[in-house]
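What follows is the residue order along each chain.
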Amino acid sequence: GTTRKDQSSNSGSKADINTTRGKSYLNIYEMIKSEVPGVTVNGTSIQLQQGPGSLTSSTEPLFVVDGTIVYQINNIVPSEVRSIPLVKGSAASIYGARGANGVIVITLIK
């Protein structure tokens with residue numbers, strides 16, 4: 001079965017990017033580490049603070065940028081980020097098994 005976003009429970013957090021506009025970050029990983037609660041960032045490795053739960057050996061969350069699943073976020077400029085919601089638990093079920101480790105959804109300023 002599938003679950004729509006409006007049917008799932010709200011499990012996650014969201015960085016309020018509007019209040020961080022005055023801050024300058026060197027990269028997207030520094031921004032996520034400072035602004036998104038519930039994550040651990042070690043260099044370019046990101047883990048949700050919920051422990052491993054994936055069907056694979058990976059503990060990295062799924063990254064979705066402007067509605068598209070991506071595997072690298074290195075090229076994202078922090079000043080172009082509008083929001084970074086963190087989706088985990090049952091709310092991440094809309095992404096299937098790939099969302100088992102949680103989902104970081106990045107929306108860019110167009």
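Definitions and limits used
- Residues numbered from 1 in each chain as written.
- Predicted model: local features only at pLDDT ≥ 70, side-chain atom pairs only at ≥ 80, totals over all residues.
- Heavy atoms only, no water.
- Helix = DSSP H or I, 4+ residues; strand = E, 2+ residues; numbered from the N terminus.
- Buried < 20%, exposed > 50% of the residue type's maximum accessible area, 1.4 Å probe, protein only.
- Contact = heavy atoms within 4.5 Å.
- Areas by Shrake-Rupley, 256 points an atom, 1.4 Å probe, with all protein chains shown as cover.
- Core = buried A, V, L, I, M, F, W, Y, C linked by side-chain atoms within 4.5 Å.
- Salt bridge = Lys/Arg side-chain N within 4 Å of Asp/Glu carboxyl O.
- Pairing = 2+ DSSP bridges.
- Arc of directions from axis to C-beta.

## Points about the overall build of the protein
- The helix and strand inventory of the protein stands at one helix and seven strands.
- In sequence order, the protein lays out its α and β elements as β-α-β-β-β-β-β-β.
- Expressed as a percentage of its 110 residues, the buried residues of the protein come to 36%.
- Across the protein, the fraction of contacts at a sequence separation of at least 24, relative to all contacts at a separation of at least 6, is 64%.
- Of the accessible surface of the protein, which amounts to about 6,500 Å², a share of 49% is contributed by carbon and sulfur atoms.

## Structural notes on the nonpolar core
- Within the largest apolar cluster, 20 residues are counted, with the highest numbers of intra-cluster contacts made by Ile32, Val39, Ile46, Ile73 and Ile106.
- Secondary structure elements with two or more residues in this core: α1 (28-35), β2 (39-42), β3 (45-48), β4 (62-65), β6 (81-87) and β7 (103-108).
- When residues no more than four places from it in sequence are discounted, the contact partners of valine 39 are Ile32, Ile46, Gln47, Leu48, Gln49, Leu86 and Ile104.
- Counting eight residues, the second largest nonpolar core, distinct from the first, contains Val87, Ala92, Tyr95 and Val105.

## So, the pattern of salt bridges
- Throughout the structure, instances matching the rule amount to one salt bridge.
- Aspartate 66 is the salt-bridge partner of lysine 110, the closest N and O atoms lying 3.8 Å from each other. Taken together, the residues lysine 110 in the segment after β7 and aspartate 66 in the loop between β4 and β5 (68-70) connect sequence positions 44 residues apart.

## Quick look at the pairing of β7
- Counting buried positions along β7 gives five out of six residues, so the element sits mostly inside the fold.
- Here four bridges tie β4 to β7, and the two strands are oriented parallel to one another. Looking at the pairing, phenylalanine 63 lines up with isoleucine 104 of β7.
- Bridge analysis of β6 against β7 gives four bridges, and the strand direction is antiparallel. Within β7, the residue paired with leucine 86 across the bridge is isoleucine 104.

## With respect to α1
- Among all positions in α1, only Ile28, Tyr29, Met31, Ile32 and Glu35 are buried. Down the axis of α1, the sector holding all buried residues measures 160 degrees, keeping them to one side.

Any functional reading would require information that these geometric values do not contain.
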